[in-house]
Amino acid sequence: MTHAEFVAAYASGEIRIEIDPRGATRHLSARLLLPFVMMPVVGIGIALALVGWIFSGFAIIALGIIAPQVIKRSAPHFLLTQALEDGDVYEDATRSGVLRILPVAGDGRNPR
(Lines give C-alpha, C1' and ligand atoms only; values in the text may rest on other atoms or scores of the structure.)
Protein backbone atom coordinates (compact mmCIF):
# COMPACT_ATOMS: atom_id res chain seq x y z
CA MET A 1 0.00 0.00 0.00
CA THR A 2 1.42 3.36 -0.98
CA HIS A 3 1.45 6.34 1.35
CA ALA A 4 -1.34 8.11 -0.55
CA GLU A 5 -3.53 4.99 -0.40
CA PHE A 6 -2.74 4.65 3.33
CA VAL A 7 -3.79 8.23 4.09
CA ALA A 8 -6.98 7.92 2.03
CA ALA A 9 -7.92 4.56 3.59
CA TYR A 10 -7.26 5.84 7.11
CA ALA A 11 -9.34 8.98 6.52
CA SER A 12 -12.26 6.93 5.20
CA GLY A 13 -12.04 4.35 8.00
CA GLU A 14 -11.31 1.40 5.70
CA ILE A 15 -8.29 0.27 7.70
CA ARG A 16 -7.34 -0.20 11.32
CA ILE A 17 -3.85 0.64 12.52
CA GLU A 18 -1.95 -1.36 15.12
CA ILE A 19 1.23 0.15 16.51
CA ASP A 20 3.61 -1.83 18.71
CA PRO A 21 4.25 0.52 21.67
CA ARG A 22 7.72 -0.86 22.45
CA GLY A 23 8.68 -0.87 18.81
CA ALA A 24 7.40 2.69 18.40
CA THR A 25 9.49 3.75 21.39
CA ARG A 26 12.64 2.17 19.95
CA HIS A 27 11.92 3.56 16.48
CA LEU A 28 11.30 7.09 17.76
CA SER A 29 14.29 7.03 20.11
CA ALA A 30 16.58 6.02 17.26
CA ARG A 31 15.06 8.51 14.82
CA LEU A 32 15.27 11.47 17.23
CA LEU A 33 18.60 10.39 18.80
CA LEU A 34 17.12 10.87 22.28
CA PRO A 35 20.10 9.44 24.23
CA PHE A 36 22.45 11.85 22.46
CA VAL A 37 20.17 14.78 23.31
CA MET A 38 19.70 13.72 26.93
CA MET A 39 23.42 13.39 27.75
CA PRO A 40 24.46 17.01 27.00
CA VAL A 41 21.37 18.42 28.72
CA VAL A 42 22.10 16.43 31.89
CA GLY A 43 25.76 17.47 31.61
CA ILE A 44 24.80 21.13 31.48
CA GLY A 45 22.58 20.62 34.54
CA ILE A 46 25.45 18.98 36.45
CA ALA A 47 27.79 21.81 35.48
CA LEU A 48 25.29 24.42 36.67
CA ALA A 49 24.85 22.59 39.97
CA LEU A 50 28.62 22.38 40.49
CA VAL A 51 29.22 26.09 39.89
CA GLY A 52 26.61 27.13 42.43
CA TRP A 53 23.37 27.33 40.49
CA ILE A 54 22.03 24.32 42.36
CA PHE A 55 18.28 24.67 41.79
CA SER A 56 18.70 25.66 38.14
CA GLY A 57 21.08 22.74 37.65
CA PHE A 58 18.68 20.28 39.25
CA ALA A 59 15.84 21.63 37.10
CA ILE A 60 17.90 21.12 33.92
CA ILE A 61 18.88 17.60 35.06
CA ALA A 62 15.21 16.77 35.69
CA LEU A 63 14.28 18.19 32.29
CA GLY A 64 16.98 16.11 30.61
CA ILE A 65 15.69 12.93 32.24
CA ILE A 66 11.92 13.50 32.17
CA ALA A 67 11.48 14.99 28.67
CA PRO A 68 12.73 11.90 26.77
CA GLN A 69 10.50 9.68 28.95
CA VAL A 70 7.45 11.80 28.09
CA ILE A 71 8.36 11.67 24.41
CA LYS A 72 8.77 7.88 24.56
CA ARG A 73 5.43 7.47 26.34
CA SER A 74 3.61 9.28 23.53
CA ALA A 75 5.58 7.47 20.81
CA PRO A 76 2.68 5.48 19.25
CA HIS A 77 0.53 8.59 18.73
CA PHE A 78 3.50 10.60 17.48
CA LEU A 79 4.49 7.83 15.06
CA LEU A 80 0.96 7.56 13.65
CA THR A 81 0.77 11.32 13.17
CA GLN A 82 4.15 11.38 11.43
CA ALA A 83 3.26 8.35 9.26
CA LEU A 84 0.13 10.12 8.05
CA GLU A 85 2.13 13.23 7.14
CA ASP A 86 5.42 11.82 5.84
CA GLY A 87 5.79 8.95 3.37
CA ASP A 88 9.34 8.14 4.52
CA VAL A 89 8.23 7.64 8.13
CA TYR A 90 5.36 5.46 6.89
CA GLU A 91 7.75 3.30 4.85
CA ASP A 92 10.21 2.95 7.76
CA ALA A 93 7.49 2.07 10.26
CA THR A 94 5.79 -0.52 8.05
CA ARG A 95 9.08 -2.06 6.93
CA SER A 96 10.25 -2.47 10.52
CA GLY A 97 6.91 -3.98 11.58
CA VAL A 98 6.11 -1.26 14.10
CA LEU A 99 3.03 -0.13 12.17
CA ARG A 100 0.62 -2.83 10.99
CA ILE A 101 -2.36 -2.18 8.75
CA LEU A 102 -5.47 -4.34 9.12
CA PRO A 103 -8.70 -4.15 7.12
CA VAL A 104 -11.81 -3.26 9.05
CA ALA A 105 -14.21 -6.19 9.30
CA GLY A 106 -17.86 -5.80 8.33
CA ASP A 107 -19.39 -2.63 7.00
CA GLY A 108 -16.60 -0.33 8.18
CA ARG A 109 -18.64 1.20 10.99
CA ASN A 110 -17.93 -1.38 13.68
CA PRO A 111 -14.30 -2.49 13.99
CA ARG A 112 -13.69 -5.86 15.61
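See the structure shown above.
Not measured: the values here are computed from a predicted model.

Time to look at the packing of aromatic side chains. In this structure the tally under the stated criterion is 2 aromatic pairs. Between the aromatic rings of Phe6 and Tyr90, the centroid separation amounts to 4.5 Å while the plane-to-plane angle is 25 degrees, which identifies the pairing as stacked. Of this pair, Phe6 sits in helix 1 (residues 3–12) while Tyr90 is found in helix 6 (residues 87–96), placing the two residues 84 residues apart along the sequence. The buried category is assigned to Tyr90, whose relative accessible area is 3%. Linked through ring pairs, Phe6, Tyr10 and Tyr90 together constitute an aromatic cluster.

You can see Ser29 is positioned in helix 2 (residues 21–32). Residues within four places of Ser29 in sequence aside, it is in contact with Leu34, Pro35 and Lys72.

When the terminal C-alpha atoms of helix 3 (residues 34–50) are compared, their 24 Å separation across 17 residues agrees well with the 24 Å that a helix rising 1.5 Å per residue should span. Buried residues of helix 3: Leu34, Val42, Gly45 and Ala49, and no others. Taken end-on, helix 3 shows its buried residues confined to a sector of 55 degrees, consistent with a single buried face. The exposed set on the far side of helix 3, more than 90 degrees from its buried face, consists of Phe36, Met39 and Leu50. The first or second residue beyond helix 3 is Gly52, which carries a positive phi of 115 degrees.

The next point concerns the environment of Val7. Looking at where Val7 falls in the secondary structure, it is placed in helix 1. Its relative accessible area of 29% is what places Val7 among the partly exposed residues. Along the chain, Val7 and Ala62 lie 55 residues apart, while their C-alpha atoms are 38 Å from each other.

Let us look at the nonpolar core. With 16 residues, the main nonpolar core has Phe6, Ile17, Ile19, Ala24, Leu79 and Leu99 as its most contacted residues. Elements represented by at least two residues in this core include exactly helix 1, strand 1 (15–19), helix 2, helix 5 (75–85) and helix 6. Among the elements that take part in this core, helix 5 stands out by supplying 4 residues, more than any other. Among all residues touching Leu79, those that are not within four sequence positions of it are Ile19, Ala24, His27, Val89, Ala93 and Val98.

Cut-offs and rules
Residues numbered from 1 in each chain as written. Predicted model: local features only at pLDDT ≥ 70, side-chain atom pairs only at ≥ 80, totals over all residues. Heavy atoms only, no water. Phe/Tyr/Trp six-rings, centres within 6.5 Å; stacked < 30°, edge-to-face > 60°. Helix = DSSP H or I, 4+ residues; strand = E, 2+ residues; numbered from the N terminus. Buried < 20%, exposed > 50% of the residue type's maximum accessible area, 1.4 Å probe, protein only. Contact = heavy atoms within 4.5 Å. Expected span 1.5 Å × (residues − 1). Arc of directions from axis to C-beta. Core = buried A, V, L, I, M, F, W, Y, C linked by side-chain atoms within 4.5 Å.

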